[in-house]
Amino acid sequence: MNALPIIVGALCVMAIAYRYYSAFIAARVLTLDDARPVPSKTMYDGHNYYPTNKWVLFGHHFAAISGAGPLVGPVLAAQFGFLPGLLWLVIGVCLGGAVHDFMILVASVRRRGKSLAEIARTEISPLSGLVAGVAILFIVVIALAGLGLVVVNALAESPWGAFTVGFTIPLALLMGLYMYRIRPGKIAEASAIGVVGLLLAVFLGGRIAESSWAASFTFSRNTIILLMAAYGFIASVLPVWMLLCPRDYLSSYLKIGTIAFLIIGVILVHPTLNMPAWTPFVAGGGPVIPGKVYPFVFITIACGAISGFHALISSGTTPKMIAKEGDARMIGYGGMLMEGVVGVVALIAATSLFPGDYFAINTAQKTDAQRAAYVQMVDNHTGQGFDIQPKEIDRLEAESGEKNLRGRTGGAVTLALGIAKIFDGIPLLSGFMKYWYHFAIMFEALFILTTIDTGTRVARFLVGEFGGRFYKKFEEPNWLPGSFVTTALVVAGWAAFIWSGSISTIWPMFGIANQLLASVALCVATTIIINMGRARYSWVTLLPLSFVAITTLVAGWQSITDNFWPLSQKPETAVQGYINVSLTAILMVASIVVLIDSARRWMGGGKSSEPEVDLAQAKAA
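Here is what the cut-offs are and how they apply
Residues numbered from 1 in each chain as written. Predicted model: local features only at pLDDT ≥ 70, side-chain atom pairs only at ≥ 80, totals over all residues. Heavy atoms only, no water. Helix = DSSP H or I, 4+ residues; strand = E, 2+ residues; numbered from the N terminus. Buried < 20%, exposed > 50% of the residue type's maximum accessible area, 1.4 Å probe, protein only. Contact = heavy atoms within 4.5 Å. Areas by Shrake-Rupley, 256 points an atom, 1.4 Å probe, with all protein chains shown as cover. Lys, Arg positive; Asp, Glu negative; His and termini not counted. Charge placed at Lys NZ, Arg CZ, Asp CG, Glu CD. pLDDT = per-residue confidence, 0-100. Phe/Tyr/Trp six-rings, centres within 6.5 Å; stacked < 30°, edge-to-face > 60°. Lys NZ or Arg CZ within 6 Å of the ring centre and 35° of its normal. Salt bridge = Lys/Arg side-chain N within 4 Å of Asp/Glu carboxyl O. Disulfide = S-S within 2.5 Å.

### Some points on the overall build of the chain
Helix and strand content of the chain: 24 helices and zero strands. Burial statistics for the chain: of 621 residues in total, 61% are counted as buried. Relative to all contacts within the chain whose residues are 6 or more apart in sequence, the contacts with residues 24 or more apart total 85%. About 21900 Å² of surface is accessible on the chain, with carbon and sulfur atoms providing 67% of the total. Both charge centroids of the chain, one from 42 positive and one from 34 negative side chains, sit 7 Å from each other.

### Things to note about the confidence of the model for the chain
Considering every residue of the chain, the mean pLDDT works out to 85; 93% of them sit at 70 or more. Confidence drops under pLDDT 50 across residues 612-621; counting only partners more than four residues distant or on other chains, this segment forms ten contacts.

### Looking at the packing of aromatic side chains
Scanning the entire structure with this criterion turns up 22 aromatic pairs. Here Y294 and F298 contribute two aromatic rings whose centre-to-centre distance is 5.8 Å and whose plane-to-plane angle is 65 degrees, an arrangement assigned as edge-to-face. Of this pair, Y294 and F298 both sit in helix α12 (residues 293-300), four residues apart, which is roughly one turn of that helix. Judged by its relative accessible area of 38%, Y294 is partly exposed. Residue F298 is classed as buried on the basis of its relative accessible area of 16%. An aromatic cluster of at least three residues, connected via ring pairs, comprises Y21, F24, Y537 and W539. In this structure, R19 is placed above the aromatic ring of Y20, and the distance from its NZ or CZ to the ring centre is 4.8 Å. Positioned above the aromatic ring of Y18 is the side chain of R329, whose terminal nitrogen or guanidinium carbon lies 4.6 Å from the ring centre.

### Overview of the pattern of salt bridges
If you walk through the whole model with that rule in mind, you get 16 salt bridges. When the shortest N-O distance is used, the salt bridge between E210 and R207 registers 3.2 Å. Judged by its relative accessible area of 48%, E210 falls in the partly exposed class. When its relative accessible area of 32% is taken as the criterion, R207 is described as partly exposed. Put simply, E392, R395, E399 and K421 are held in one network by salt bridges that share partners.

### With respect to the environment of A117
Mapped onto the elements, A117 comes out in helix α6 (residues 116-123). When the C-alpha atoms of A117 and A145 are compared, they prove to be 21 Å apart, with 28 residues separating the residues in sequence. When sequence neighbours within four positions are dropped, the list of residues in contact with A117 reads G129, A132, G133 and I136.

### Considering the state of the cysteines
A full pass over the atoms with the stated rule returns zero disulfides. Lacking any disulfide linkage, C12 is separated from the closest cysteine sulfur, that of C94, by 11 Å. Overall, the relative accessible area of 44% leaves C12 in the partly exposed class.

Here it is, written out as C-alpha cells:
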C-alpha cells in the first residue's frame, strides 16, 4: 500500500472537521464569546495566571499534550497492521479527542482555571469530585511513568541523544529570559535563537558522540531516571514564563516543523507500507501487544485519537494562560487535530519498515529464553504466509550508527528508524541516515519531556487542591513550601514506577488509565452541556463517551485477567503484578462510580451552571 493517499486523505478529513464540526461546537454548544472574562486577566499573578499570545500558547499546549502517546502508540499498534490504527486515529480524533480537549478547556476557562476534579465536584456532585480527584492522581502518575519510560529507553547509553536533549534546557531558559525580560514581546527574535540553537544541538551532539567527551554524556538507565526526575521537579516549581512555556514553545517548533517536513517527505518519497493492512496478530498472541485488536488497539493508541491526559492540561496550565475565549477553538480542537496528524505520520513511519525488521526490534531478546521465543515466533508465522524474517536490520544498524537494534522495545527506536528512512529517501538528503536517526531520537525525547514537565506541574496543582482540604495553604499555587512538597510527591511517584517497570507492563496500564480518564472528562463535559440547558447537543460528548467507556472497561478486565494477574503468580514479578491489578481495578471502579453519578445528574435534568452574570458584567464594562 502506498502512503500518499493515506496521508492526503487523513489531512483532508481533519481539515473538514476543524472547519465545520469545531465551528458548530464553538457557536452552538459552547457559544464562545471574546467579551467573557478569562482567568489569565481576572486572576493575573505573573506566575501561573498569565495572558499569553495564542500562537505561543498553542505551542505550549500542543507540546504539553503531545507526549509519547501519538508517537509510540501507533508504532506498537502496528503489530495489528496499518488499517486498525489508521481508522481509529482519523475517526477518533475528529469525533472524540478534539471534542474532549475543546470542551474541558472552555469549561476550565469559565471556572477560573479549576482542575477537572474540581469541575466534577461542582457540576456532578462532591462524590464524583472526590472519586475523580483520587483517580486522576493515580492516572497522572501512571501516565507520566509510561511517557518517561520511553525517554529512558531512548536516551540510555546514548551520548548524542543525552547531550542534544540536555542542551535544550538552558536554551529554553535563555528564550524565556529573552522574551519576557531582555526583549519583552520579541517573540520572532527568541524563536530564531531557539531554532538555530536546536540545529546546533543536533550537530554538536554528533561531534561529542565521536569524541573523548562521549563518556561524560553516556548515562545508564537509572541515571537518566534521576536526571529526568530532577528536571521535572525544577520545571514544575519555576514560573511558567521562565522555563515551561518557552521550552514548550521551542519544542513546538521542532515538533510541528518535523511533522510538516515528514508530511512533505511522505508525499515526495511516498513510501510503501510494508506491513499489511491486517496481520495474524489481530486475533491475539502478538509479541508487542498480547491481546486482540479489539479492545487493545483502542488503548494502545490513546493519545492521537483521544486522551484523558489532555483533560489535565486543558484544565491545568493552558486555561490559566488563555487570553480570550475565541482562542480556545484553535488551541483545544486544533491542537488535538495536530496530534492526530502526528499519530498518522508515526504509523506510516513504523509500517514502512519490513515486518521482519519491525518485530526484530520490538520483540524482547535479552535472555536466552526470549531469544528462543522470538525464533520460534518467526518460524511459526513466516510459515503461515506472513514473512517476518528480518530483511535489512543489519544495514539499518550500520547506517544509523547503533550497535544493536534487536530487542530495542518501547517503540522509540522503531519510529526513529522509520522517520530516518523517509528523510533519507528525499532527493538530495540521502546519505545522512546517522544524523536523521539521532535527530528523530531528539525529536521524540523532546516530545515526551514537554509532557512530563507540564504533567508534573498539573499534578502538583491537583495534589495542592486535595491537600488544601486539610491545610488551606496548599491550595495556593504560589506558596513555595507547598509547591516543593507536592512536586516532590508527584516526581517520586512516577520515577518509582519507571525504576521498577517495563514497557510491556506500564504501557497497557497507561492506556487503560488514560482512556478511563477520558471517560470521566466526557462525563463532566456532558453534564456541563445539560447543566447549561443545551441537552439537545449532548450527543456531541455522549457518542464518544459510550464507545470509549465500554471499550476501555473491557480492556481493563481482560488486562487484569490475562496479563496482570498472571504476573502476580510469579515470585519475580508478584509485587508488580499485584500493584497493576490493584491500580487498574481502582481506576475501573472510580470510573464506573462517576458514570453512574453522572447519569443520575442527567436524569435529574441538570442545573444552570454557566456564569452568565460574569458575561453580562464584562459586556457592560
